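Listed below, chain by chain, are the residues.
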Amino acid sequence: MKSFKLLFLAVFALLAHTTTAQTTAKAKGPATEQVQLKTSAVCDMCKTRLEKAMAYEKGVQAAVLDVPTQVLTVTYRPDKTTPAALRTAVQKTGYDADSEPAEARAYDRLPDCCKKTNAVH
């Protein structure tokens, strides 16, 4: 009976150590980075649309558009995506990204209030 308890404790200790080692290994990984993209977004509808679109991009941890400055700040994992891919995602949503123009087809689908022809622009 005593040897059974000792064996049980040894197995339990081994499993606890293995679980801790795996958790520690998963916690280590590339840190997140941030990129700021100047967009052509002008309103809260634009903000919602861009933030939602970025949420579907692989590697994106967070995306926040500051409407007054038109700057989209994206926090992402560099092992999953790149700033160029994020810029392309913004363009495919219908907005300019830095000096790159929006994709024409996506831009045409935007509501009139979000287009460059709007008086706000």
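Our structure's up above, just so we're on the same page.
Quick look at the structure, then.

Thresholds applied
- Residues numbered from 1 in each chain as written.
- Predicted model: local features only at pLDDT ≥ 70, side-chain atom pairs only at ≥ 80, totals over all residues.
- Heavy atoms only, no water.
- Phe/Tyr/Trp six-rings, centres within 6.5 Å; stacked < 30°, edge-to-face > 60°.
- Lys NZ or Arg CZ within 6 Å of the ring centre and 35° of its normal.
- Salt bridge = Lys/Arg side-chain N within 4 Å of Asp/Glu carboxyl O.
- Helix = DSSP H or I, 4+ residues; strand = E, 2+ residues; numbered from the N terminus.
- Buried < 20%, exposed > 50% of the residue type's maximum accessible area, 1.4 Å probe, protein only.
- Axes fitted to C-alpha atoms, helices over the stretch in contact; angles between N-to-C directions.
- Parallel < 35°, antiparallel > 145°, perpendicular 65-115°, else oblique.
- Left-handed = near helix turned anticlockwise from the far one by under 90°.
- Contact = heavy atoms within 4.5 Å.

## Considering the packing of aromatic side chains
Applying the stated criterion across every chain yields a total of zero aromatic pairs. Just above the ring of Tyr107 sits the side chain of Lys115; from NZ or CZ to the centre is 5.7 Å. Lys116 extends its terminal NZ or CZ atom over the ring of Tyr107, reaching a point 5.8 Å from the ring centre.

## Concerning the pattern of salt bridges
Pairing between side chains of opposite charge can happen when their charged atoms approach one another. This model, assessed by the stated rule, comprises four salt bridges. Across the pair Glu51 and Lys47 runs a salt bridge whose closest N-O atoms are separated by 2.8 Å. Of the two residues, Glu51 and Lys47 are both situated in helix H2 (residues 44-55); the distance of four residues between them amounts to about one turn of the helix. Judged by its relative accessible area of 22%, Glu51 is partly exposed. One salt bridge connects Lys116 with Asp96, and the closest N-O pair in it is separated by 2.9 Å.

## Focus: the packing of H2 against helix H3 (residues 83-93)
Between two packed helices, both the angle of their axes relative to each other and the distance between the axes serve to describe the pair. The contact between H2 and H3 brings their axes to 10 Å, and the two run at 130°. The orientation of H2 with respect to H3, classified from their angle, is oblique. Crossing handedness for the pair H2 and H3: right-handed. Across from Arg49, Leu50, Ala53 and Met54 in H2, the residues of H3 making contact are Leu86, Ala89, Val90 and Thr93.

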